[in-house]
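# Working through the structure, step by step
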Amino acid sequence: EMHLVESGGGLVQAGGSLRLSCTASGFTFKDYAIGWFRLAPGKNREGVASVSASDGSTYYTDSIKGRFTISVDIAENTAYLHMSNLTDEDTAVYNCAADKRQALLRQWVRLGPGPRGLDFWAKGTQVTVSS
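Bear in mind that the values here come from a model prediction, so they are computed numbers and not experimental data. (Residues numbered from 1 in each chain as written. Predicted model: local features only at pLDDT ≥ 70, side-chain atom pairs only at ≥ 80, totals over all residues. Heavy atoms only, no water.)

### Some remarks on the nonpolar core
Going by this rule: Here the nonpolar core consists of buried residues drawn from Ala, Val, Leu, Ile, Met, Phe, Trp, Tyr and Cys, with membership extended through side-chain atoms lying within 4.5 Å. Throughout, exposure labels follow a simple rule: accessible area from a 1.4 Å probe, protein chains only, divided by the maximum for the residue type, with under 20% read as buried, over 50% as exposed, and the rest as partly exposed. By definition, any uninterrupted DSSP run of H or I lasting at least four residues is a helix, any uninterrupted run of E lasting at least two residues is a strand, and each is numbered from the N terminus. Pairs of residues are marked as contacts when any of their non-hydrogen atoms sit within 4.5 Å.
Among the nonpolar cores identified, the biggest contains 32 residues, and Leu-4, Phe-29, Trp-36, Leu-81, Met-83 and Tyr-94 are the most heavily contacted of them. Of all the secondary structure elements, the ones that give two or more residues to this core are strand S3 (18-25), strand S4 (33-39), strand S5 (46-52), strand S7 (68-73), strand S8 (78-83), strand S9 (92-99) and strand S11 (125-130). Beyond its immediate sequence surroundings of up to four residues, Phe-29 is in contact with Leu-4, Cys-22, Thr-23, Ala-24, Ile-34, Ala-53, Val-72, Ile-74, Asn-77, Thr-78, Ala-79 and Ala-98. Ranked by size, the runner-up nonpolar core spans 9 residues in total, among them Phe-37, Tyr-59, Leu-105 and Trp-108.

### Points about the environment of Ile-70
By the secondary structure assignment, Ile-70 is in strand S7. Spatially, the C-alpha atom of Ile-70 lies 9.9 Å from that of Ser-21, the residues being 49 residues apart in sequence.

### Let's talk about the state of the cysteines
Selection rule: Whenever a pair of cysteine sulfur atoms sits within 2.5 Å, that pair is classed as a disulfide.
All chains considered together, the criterion is met by 1 disulfide. Between the sulfur of Cys-22 and that of Cys-96 lies a disulfide, 2.0 Å long from S to S. On the S-S bond that ties Cys-22 to Cys-96, the torsion sits near 75°, and the link is right-handed. Of the two residues, Cys-22 sits in strand S3 while Cys-96 sits in strand S9, which places them 74 residues apart along the sequence. We note that Cys-22, like Cys-96, is buried.

This is how it looks when you write it as structure tokens:
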């Protein structure tokens, strides 16, 4: 069975750091793009960042630029979202997603959900930042 397994959420104080992991099970990230999205109470789902496993190109939404870093380790079949200098505005459920259609995933991250769904979604992990 092919799916994504996400981990690394938790409770952290404002200004602190967390690292989220997203591991592919049953398939390899080679040729995939991986993205992170977050959903906060009362807000729409927001694309956070994306990375291409084929060329390493990345995209970050403005609100997290300079604080979050997305990466992918092909050997470990795992993508990472390192989050630093966290604020209470970062409190949300974070989901990673993956799709071979790299332009489509980047579009989801940049512009939000489109008519075509993404191939794989993880269940999500809660990140809570206390001020």
